[in-house]
Each structure stands twice: as structure tokens, then as C-alpha cells.
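One-letter residues, chain by chain:
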Amino acid sequence: MAEIKEAMPVPQPEALDMPDDEVLYELADLFRVFGDSTRIKILYALHDNELCVQDIANAVQLSQSAVSHQLRVLKDSKLVRFRREGKTVYYALDDDHVRSILSMGMDHIEE
């Protein structure tokens, strides 16, 4: 006769310490901003340089108007910062975190 074996208890996963929904929404929104290749081009143009809108437009081969629109999105997401010198506005990556995100993304793609 077959011997009945006592069932082993199934291990239960530990409860996850999930961030608040608002934080997760903001993270998803950040990745949405990174999900546009035009914005990625602009961020890479600013990777090592501070540039004015015209220089960015030349680097990514877009109109000043298109670049200005994308810069507004990047500025609102705190990915770029700007400074005014006379009538010219210069843009740069907001901080080293943005540079790190770009570098890690490229490392992942190239792997």
C-alpha cells in the first residue's frame, strides 16, 4: 500500500515593502519621458556640454521649435536645468543622476 506522506508547508513569500502609489506613478512618468528617442538625443547632446537651443537643434537635427518643446518636457521632469546669459538660454543635464541613468541604459543595451 502506498504510504501517505505528510504535506510539507509551502513557504510564503515575504510581504514586499512597496513604495506609495504616488512614488510609483512618478517613476513610471520618468520612464515615459525617457521613452522618447528625440528626448534621449537631446539628453545625449547635453551629456558633456552646456548648449543653447540652436546648438542642440543642430546636434540633433531638429527645428528650434521642436527642441524647445522637448526641453520643456525635460525641464518639467527635472532632467535638465537652464541658465540665462543675456538673451541666450543655456541648457545642461540637471545633475549627475541623469548622466548615470543614461550611462546605465547604454551599458544595458550594449551588453
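Residues numbered from 1 in each chain as written. Predicted model: local features only at pLDDT ≥ 70, side-chain atom pairs only at ≥ 80, totals over all residues. Heavy atoms only, no water.

**Regarding unusual backbone geometry**
Backbone geometry follows two general trends: most residues other than glycine have a negative phi, and most peptide bonds adopt the trans configuration. The phi torsion at Gln-61 lies on the positive side, around 55°, for a residue other than glycine. Relative to the assigned elements, Gln-61 resides in the loop between helix 3 (53-60) and helix 4 (64-76). A positive phi angle is found at Lys-78, which is not glycine, with a value near 60°. Structurally, the position occupied by Lys-78 is in the loop between helix 4 and strand 2 (80-85). Of the residues examined, Lys-78 reaches a relative accessible area of 62% and is grouped as exposed. (Helix = DSSP H or I, 4+ residues; strand = E, 2+ residues; numbered from the N terminus. Buried < 20%, exposed > 50% of the residue type's maximum accessible area, 1.4 Å probe, protein only.)

**Overview of the nonpolar core**
Ranked by size, the top nonpolar core spans 22 residues in total, and within it Ile-42, Leu-43, Leu-46, Ile-56, Val-67, Leu-71 and Tyr-91 carry the most contacts. When contributions to this core are tallied by element, the ones reaching two or more residues are helix 1 (21-34), helix 2 (37-45), helix 3, helix 4, strand 3 (88-93) and helix 5 (96-110). Setting aside residues up to four positions removed in sequence, Leu-46 forms contacts with Leu-51, Ile-56, Val-80, Tyr-91, Ala-92, Leu-93 and Arg-99. (Core = buried A, V, L, I, M, F, W, Y, C linked by side-chain atoms within 4.5 Å. Contact = heavy atoms within 4.5 Å.)

**Focus: the side chain of Gln-70**
Within the secondary structure layout, Gln-70 lies in helix 4. If we ignore the near neighbours within four places in the chain, the residues touching Gln-70 are Asp-36, Thr-38, Arg-39 and Ile-42.

**Quick look at helix 2**
An α-helix turns once every 3.6 residues. As a result, residues three or four positions apart point the same way. What helix 2 keeps buried is the set Arg-39, Ile-42, Leu-43 and Ala-45. Down the axis, helix 2 shows its buried residues gathered within 160° of arc, on one side only. (Arc of directions from axis to C-beta.)

**Overview of the pairing of strand 3**
Sheet analysis places strand 1 (residues 51-52) next to strand 3, joined by 2 bridges and oriented antiparallel. Counted as the bridge partner of Cys-52 is Tyr-90 from strand 3. Linkage of strand 2 to strand 3, two consecutive antiparallel strands, is achieved through a turn of 2 residues, within which Gly-86 is found at a positive phi near 65°. (Pairing = 2+ DSSP bridges.)

**Side note on helix 5**
Taking 1.5 Å as the rise per residue, helix 5 with 15 residues should run 21 Å; its terminal C-alpha atoms sit 21 Å apart, in good agreement. Where helix 5 begins, the capping side chain belongs to Asp-95, and its oxygen is found 3.0 Å from the backbone nitrogen of His-97. (Expected span 1.5 Å × (residues − 1). Polar contact = N/O pair within 3.5 Å; in protein donor to acceptor, adjacent residues only side chain to side chain.)

**Digging into the environment of Tyr-91**
Among the secondary structure elements, Tyr-91 is positioned in strand 3. Take Tyr-91: its relative accessible area is 10%, and that puts it in the buried class. For the pair Tyr-91 and Ser-103, spaced 12 residues apart in the sequence, the C-alpha separation amounts to 19 Å. Look past the residues within four positions of Tyr-91 in its chain and what remains in contact with it is Leu-46, Asn-49, Glu-50, Leu-51, Val-53, Ile-56, Leu-71, Lys-75, Val-80, Arg-81 and Phe-82.

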